[in-house]
Amino acid sequence: MNSSTEHRSGYVAIVGQPNVGKSTLLNQLVGQKISITSRRPQTTRQRIIGIVTQPDAQFVFVDTPGFQTRHGNALNRMMNRSVSRSVVDVDAVVWVIEALHLNAGDQAVLPLLQDGAPLIIAVNKIDEVGNKNELLPFMQKLEDLAHPRAIVPVSAKTGIGTEDLLNAIRGLLPERERLYGEDEITTASERTLAAELIREKLFRLLGEELPYSAMVEIEKFEIVDGLRRIHAGILVDKAGHKGIVIGKGGEKLKQIASQARTDMERLFGGKVFLEVWVKVKSGWADDAATLKRLGID
Ligand SMILES: Nc1nc2c(ncn2[C@@H]2O[C@H](COP(=O)(O)OP(=O)(O)OP(=O)(O)O)[C@@H](O)[C@H]2O)c(=O)[nH]1
Ligand SMILES: [Mg+2]
């Protein structure tokens, strides 16, 4: 085969502990915010696909929820199952670890990865490492621990190293044609993306006050003459949480809706009319039927 016409493509799972920067990395690679990110762990709840197309390769990344080392409720168990499934049916796995912060939680992820697809370790957040000399022994430790195909230091935030990461992954992908159209960046529907962007604002604007169980449901999504009309409900567990989300004089909810709308307009490339309200729904995080309805299985 003529190597100049060789085209590679495949699926690549992005896995790791909560909060290590998996979704930030996906967005940096794709060049758009398709997966939500926040300072709080457990931001990502379901797998999100992001597609990177180059002339000679197409990478189909699967962002996954942070692996929970402590189980607990139905939501955590479902998220872990989703991660375990993600590492078997892919061509490569990118295990994201925070630079200089290998801990017991990371080590608990490793056995899950060893029988899966070829492994690459992305050592993330290197922009936060003051003394770069510390990176080398850290990478050596990872090498001894996991024997990956490659270890690539990156900053998902600034984009440093992401080109090297793609180069390392490319060699692991099988020779084949593109799996998706060259201008596709995700398989997630606009409906799903809209719900996620609202959830991101909840995480970012409410921080620690926000109950983890808050969820967003899109009740109406229609496009008329290029205008997207979106009605969304925020589901919370307890009546007390409703007030937290709405805020004094409705200020918080207004902020949440306005920031989410700005992001949606950027991502969808058109005007958005967004209405958001808050509803109380008891105990949904332990309710498998609700999780299924919301697409988390
Ligand atoms: N300084 C710095 N911060 C980063 C970098 N990558 C991610 N972050 C920050 O780390 C936090 C977590 O990032 P996420 O992308 O949401 O992490 P995640 O691994 O997807 O987290 P979960 O979905 O909760 O498992 C956010 O505050 C990001 O801005 C990086 O390269 N450098
Ligand atoms: Mg995430």
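Residues numbered from 1 in each chain as written. Chains lettered and ligands numbered in written order. Predicted model: local features only at pLDDT ≥ 70, side-chain atom pairs only at ≥ 80, totals over all residues.

In terms of helices and strands, the chain carries nine helices and nine strands. Here the analysis covers contacts within the chain between residues at least 6 apart in sequence; of these, 70% occur between residues at least 24 apart. (Helix = DSSP H or I, 4+ residues; strand = E, 2+ residues; numbered from the N terminus. Contact = placed C-beta atoms within 7 Å.)

Before going further, it helps to spend a moment on the packing of helix α6 (residues 190-206) against helix α8 (residues 251-268). The description of two helices packed together rests on the angle between their axes and the distance between the axes. Running from amino to carboxyl end, α6 crosses α8 at an angle of 140°, the nearest separation of the two axes being 9 Å. The orientation of α6 with respect to α8, classified from their angle, is oblique. Our pair here, α6 against α8, has a crossing hand that is right-handed. Here E190, L193, A194, L197, I198, K201, L202 and L205 of α6 lie close against α8, whose contacting residues are K252, Q255, I256, Q259, A260, D263, M264, L267 and F268. For the contact of α6 with α8, a count of residues per class yields eleven nonpolar, two polar and four charged. (Axes fitted to C-alpha atoms, helices over the stretch in contact; angles between N-to-C directions. Parallel < 35°, antiparallel > 145°, perpendicular 65-115°, else oblique. Left-handed = near helix turned anticlockwise from the far one by under 90°. Nonpolar A, V, L, I, M, F, W, Y, C, P; charged D, E, K, R; others polar.)

So, about the nonpolar core. If you look at the biggest cluster of nonpolar residues, it comprises 69 residues, and the most contacted ones within it are V12 and V93. In terms of residues, this core owes the most to one element, α6, which gives seven residues. Looking at which domains feed residues into this core, each of domain 1 (3-170) and domain 2 (190-293) gives three or more. Beyond its immediate sequence surroundings of up to four residues, V12 is in contact with F59, V60, F61, V62, V90, D91, A92, V94 and I169. (Core = buried A, V, L, I, M, F, W, Y, C linked by C-beta atoms within 7 Å. Buried ≥ 20, exposed ≤ 12 C-beta atoms within 10 Å, placed from the backbone. Domains from an automatic or database assignment.)

Around ligand 1, 23 residues are found, and the nearest of them are G21, S23, T37, T44 and G66. Per-element accounting of the shell around ligand 1 gives the leading share, three residues, to helix α1 (residues 22-30). Classifying every residue of the shell around ligand 1 gives five nonpolar, twelve polar and six charged. (Near = placed C-beta within 6 Å.)

Within a sheet, neighbouring strands are paired by backbone hydrogen bonds and run either parallel or antiparallel to one another. Pairing is mixed in the open sheet, where six strands are placed in the order β2-β3-β1-β4-β5-β6. At either margin of the open sheet sits one strand with a lone partner, and together these are β2 (48-54) and β6 (150-153). Strand-to-strand twist in this sheet, taken as the mean axis angle between neighbours without regard to direction, amounts to 25°. Where strand β4 (residues 92-98) lies against strand β5 (residues 119-124), six bridges are found, and the strand directions are parallel. Along β5, the bridge assignment pairs E98 with N124. Strands in contact with helix α5 (residues 162-170) are β1 (8-16), β2, β3 (57-63), β4, β5 and β6; relative to β6, the strand with the most contacts, it is inclined by about 165°. (Pairing = 2+ DSSP bridges.)

What follows covers the sheet that holds strand β9 (residues 272-280). Taken in spatial order, the three strands of this open sheet run β7-β8-β9, and their pairing is mixed. Each edge of the sheet is formed by a strand with only one pairing partner; in this case those strands are β7 (215-224) and β9. Each strand of the sheet is rotated relative to its neighbour by a mean of 15°, with strand direction disregarded. Where strand β8 (residues 227-236) meets β9, nine bridges bridge the pair, whose relative direction is parallel. Within the sheet, the bridge partner assigned to V236 lies in β9 and is V280.

Time to look at unusual backbone geometry. Of note in this structure, N19 is not a glycine but carries a positive phi near 75°. One can find N19 in the loop between β1 and α1. Given 18 C-beta atoms within a 10 Å radius, N19 is considered partly exposed. For L100, which is not glycine, the phi dihedral falls at a positive 65°. Inspection of the secondary structure puts L100 in the loop between β4 and α3 (104-114). Accessibility expressed as a C-beta count within 10 Å gives 17 for L100, which makes it partly exposed.

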